Amino acid sequence: MFSYLYLASQSPRRQELLKQIGVKFEMLTPAPGEDAESIEMPLPEEKARAYVERVTRAKSAVALLRWQKSNRPWAPILCADTTVSLPNHPIGEILGKPTDAEDAMRILNMLSGKTHEVLTAVAITASPESEPLCLVQVSEVRFDSLSEEQIKFYIASGEPFGKAGAYGIQGFGGAFIPMIKGSYSGIMGLPIYETTQLLNRAQVSYL
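Remember, predicted model here, so these are calculated numbers, not experimental data. Counting restarts for each chain: residues are numbered from 1 in the order of the written sequence. Where totals are concerned, whole chains, interfaces and linings use all residues; where local detail is concerned, this predicted model gives features only for residues with pLDDT of at least 70, and gives and counts side-chain atom pairs only at 80 or more. For side-chain calculations, the full set of non-hydrogen atoms in the structure is used, while hydrogens and water are omitted.

**Here we look at the pattern of salt bridges**
Phase 1: Every case where a carboxyl oxygen of Asp or Glu lies within 4 Å of a side-chain nitrogen of Lys or Arg is listed as a salt bridge. On inspection of all chains with the given rule, the structure shows nine salt bridges.
Phase 2: Close ionic contact of Lys 47 with Glu 93 constitutes a salt bridge, the shortest N to O distance being 3.9 Å. Taken together, the positions of Lys 47 in the loop between β2 (25-27) and α2 (48-68) and Glu 93 in the loop between β3 (77-85) and α3 (101-111) put the pair 46 residues apart, joining distant regions of the chain.
Phase 3: Relative accessibility decides the category of a residue: with a 1.4 Å probe and only protein chains considered, values under 20% of the type maximum give buried, values over 50% give exposed, and everything between is partly exposed. By relative accessible area, which is 14% here, Glu 93 ends up buried.
Phase 4: Between Glu 148 and Lys 152 there is a salt bridge, with its nearest N and O atoms 3.1 Å apart. You can see Glu 148 and its partner Lys 152 sitting in helix α4 (residues 148-157), four residues apart, about one turn around the helix.
Phase 5: Sharing partners across several salt bridges, the network here consists of Glu 40, Lys 59, Asp 81 and Lys 97. Numbering of helices and strands runs from the N terminus; a helix is a DSSP stretch of H or I covering at least four residues, while a strand is a stretch of E covering at least two.

This is how it looks when you write it as structure tokens:
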């Protein structure tokens, strides 16, 4: 049984959720000059579920290489990725992090008044020789109809940046959401139920 794991994510929300269930972890973050963002570029015609699992597995492979160069003792490595999707929408199959205020405006206008999906893939590499154990959690989120003034105010707050779909449910963005179906923690970026299933399989202690 492992008493801790490595977290290969800089997301403060994922750190908070791991602490919530008593997981001890050490950070395994990208080295200077490491191009972590290029992994997140969607492939042509790629569907959201395939995308989020592919990206998470790619992050796991990069994190394993990072550990191999670190001279640190072995512990399982946890990676995750979250994306927002308007399924089968011609330009909304994968809605990632906004590049600027104009892009955030575009994304939030697309989500306004609609139900979208939030997909989070979680992977744990249980040993240096094994393929990552991976699960994907999918939730539905209903957005209220937003006025242009509401969207501009929200963008000015800075909260949309660095978040898939240009909003954070755990922040002021939660005020736009009348209904969810699925996992609140999954929408935040780390579904607790699925994560504990993987922790059990990887023999990582928690609670």
